Amino acid sequence: MPKQQRVRDPLHDLIEFNVERSQLEDVLWRVIQTRPFQRLRRIKQLGFSDFVYPGATHSRLLHSVGVFHTARRLMEVIDKYVPAKDARVDQALAAALVHDLGHGPFSHAFEKIGERFNLKMANHEAVSDMLIRDGEVFEELREMGSGFANDVADMVSGSGTPTIYSAVVSSQFDADRPDYMRRDRLMTGSQHAGIDFEWLMANLEVGEVEHSVDETRLKPVQTFVLGRKAIFAAEAYVLGLFQLYPTVYFHKATRGAEKIYTELLSRTITLIKDGSIERTGLPKTHPLVKFAQTPDDIECALALDDTVIWGGLSLMADSGDEWISTLAKRMRDRKLYKCIDVRAKIAHDKDDGIASSSEADTVCAGIRDEISKCQEE
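Residues numbered from 1 in each chain as written. Predicted model: local features only at pLDDT ≥ 70, side-chain atom pairs only at ≥ 80, totals over all residues. Heavy atoms only, no water.

Participant: Even after reading the chapter, I still don't get the overall build of the chain, so can you show me in this structure?
Facilitator: Within the chain one finds 19 helices and 4 strands. Relative to a compact globule of 377 residues, whose C-alpha radius of gyration would be 21 Å, the chain shows 23 Å and is just as compact. Considered along the principal axes of its C-alpha atoms, the chain spans approximately 65 × 55 × 40 Å. Within the chain, the proportion of its 377 residues that are buried is 51%. A fraction of 64% describes how many contacts in the chain between residues 6 or more apart in sequence connect residues 24 or more apart. Surface summary for the chain: the accessible area is close to 19100 Å², and the carbon and sulfur share equals 50%. (Helix = DSSP H or I, 4+ residues; strand = E, 2+ residues; numbered from the N terminus. Rg over C-alpha atoms; globule rule 2.2 N^0.38 Å. Buried < 20%, exposed > 50% of the residue type's maximum accessible area, 1.4 Å probe, protein only. Contact = heavy atoms within 4.5 Å. Areas by Shrake-Rupley, 256 points an atom, 1.4 Å probe, with all protein chains shown as cover.)

Participant: I'm lost on unusual backbone geometry in this one. Help?
Facilitator: With the exception of glycine, the majority of residues adopt a negative phi angle, and the majority of peptide bonds are in the trans configuration. Within the chain, Asp 13 stands out as a residue other than glycine whose phi angle is a positive 70 degrees. Phi is positive for Phe 106, which is not a glycine, with a value near 65 degrees. Position of Phe 106 relative to the elements: it lies in the loop between helix H4 (87–98) and helix H5 (108–117). Overall, the relative accessible area of 2% leaves Phe 106 in the buried class.

Participant: What is the right way to look at the packing of helix H6 (residues 124–133) against helix H8 (residues 148–157) in this model?
Facilitator: The relative placement of two packed helices comes down to the angle between their axes together with the axis-to-axis distance. For the pair H6 and H8, interaxial distance at closest approach is 8 Å and the crossing angle is 165 degrees. Comparing the axis directions of H6 and H8 gives the class roughly antiparallel. When the axes of H6 and H8 are compared, the crossing they make is right-handed. Note on element contacts: H8 touches H6 through Ala 149, Asn 150, Val 152, Ala 153, Asp 154 and Val 156, opposite Asp 129, Ile 132 and Arg 133. Within the contact of H6 with H8, the residues separate by chemical class into 5 nonpolar, 1 polar and 3 charged. (Axes fitted to C-alpha atoms, helices over the stretch in contact; angles between N-to-C directions. Parallel < 35°, antiparallel > 145°, perpendicular 65-115°, else oblique. Left-handed = near helix turned anticlockwise from the far one by under 90°. Nonpolar A, V, L, I, M, F, W, Y, C, P; charged D, E, K, R; others polar.)

Participant: Please explain the packing of aromatic side chains as it appears in this structure.
Facilitator: Two aromatic rings are characterised by how far apart their centres lie and by the angle between their planes. Applying the stated criterion to the full structure yields 13 aromatic pairs. Ring geometry for Phe 51 versus Trp 310: centroids 6.2 Å apart, planes at 40 degrees, classification tilted. Of this pair, Phe 51 sits in the loop between helix H2 (35–38) and helix H3 (60–81) while Trp 310 sits in helix H16 (residues 306–317), placing them 259 residues apart in sequence. Seen from their ring centres, Tyr 180 and Tyr 249 are 6.3 Å apart, and the 70 degrees between their planes marks the pair as edge-to-face. Highlighted residues: Tyr 180 in helix H10 (residues 176–188) and Tyr 249 in helix H12 (residues 231–249), separated in sequence by 69 residues. Tyr 249 carries the same exposure label as Tyr 180, and that label is buried. Chaining the aromatic ring pairs together yields one cluster made of Phe 48, Phe 51, Phe 106, Tyr 261 and Trp 310. (Phe/Tyr/Trp six-rings, centres within 6.5 Å; stacked < 30°, edge-to-face > 60°.)

Below, the structure written as C-alpha cells:
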C-alpha cells in the first residue's frame, strides 16, 4: 500500500498526501515542513477574533492545507471539461498551498502598520512572493522543474492572463473562499453564513465569461460557473460571505483590538527608530526590535509571529513610556476601548442642533471612505 501522510482537519477530516505515487504531493509535503510554512502555525487565521469567539484560534497553516485540499476538488471539476494534462495543474495546486506564506503577526492587522511606516515586509503578498522565489520553499519546489517556483509565484500574485487554472487560486469561487468561509464559521461557532458546499461542487462547471481590464473588453476566459440547479445555493454563498463581515471580520470588539494593536506597535517602532529602545520595555535582542531596525531583512520578518507579540506584552506593560504601557496592558487583559456609534451620535447631535448638516455630512463621508477601504481588503 502506498505510503501516505495525513493531516486530521476539523473541517475536511482527513487530508492525505500521497508521497510515494505523486511527485508533487511529496514535494508539497516537504514544503509544509519548511520553516516559513511551519511559522504559519503561530499566526492565527482570524487575528483578534478570539477576543469575541474564543474558539477562533485556528492557524494560517491549517487554512493553507485546507485550501490545497479544496483545490484538488476543483481540479476534479476541471478534469471533466479540460481532460488534457496541463503543467498549470501542479502550479495551481502548489500556489493554493503557499498563497498565505507571507502573513505577519495577527494577519491583516499587521499590514496597517506596514502602510503607516511603508514597510515592504509587512505586505503579505510581497513577502509570499519572496519566500516562494527564494529560500527553503524555493529549494523544495525546484524539484518540480527549474522554473516551477517562479510560475507558482506568478500564479499567486495573479500575473498573466486569467485561465481556468488561475481561477483555482483567485476567482469568485476559488479554493480559498469556500475553505475560510466554512472554517471560520465552524471555529467561531457562528450560525450565520452556512453554505451547501457539496451541492455547489456537484453543480460546478467550466465555462467562458467576458473579461475586461480598465474598461477594455478582452476575449472571454475560462472560469468556474454554476449550473441552474445551484442558483439558490449560489445565493446563499454570496449572502454568507456578506454575513461573515459584520458578524466576524468587522465585529466592533475585533476592530477595537486591532486599533490598540496598531497603535501599540506603531509607538514601539517609532521609539526604536528614534534610538529609545529602553523606553519600549523590550530587550535589544527582541525580534520586534530587530525588525524595526532592519525592516527590509526577510529573516527579521520571518522571526515575527503572534507568539512573539504576546510574549512581549508583559515586558511592554512595564515600559517607561505611558502609551506603550497602557496599550500593552489593555491588549494583554482585553480591556478594550468602548465603541461609539458615530452615525447615531451625529443623528442625535443634529436633532439637538449641536452639529450642522455640513459637519454631519463631512463625518459621514469619512465613515463611508473607511468602510470602502475595509471592503477592498
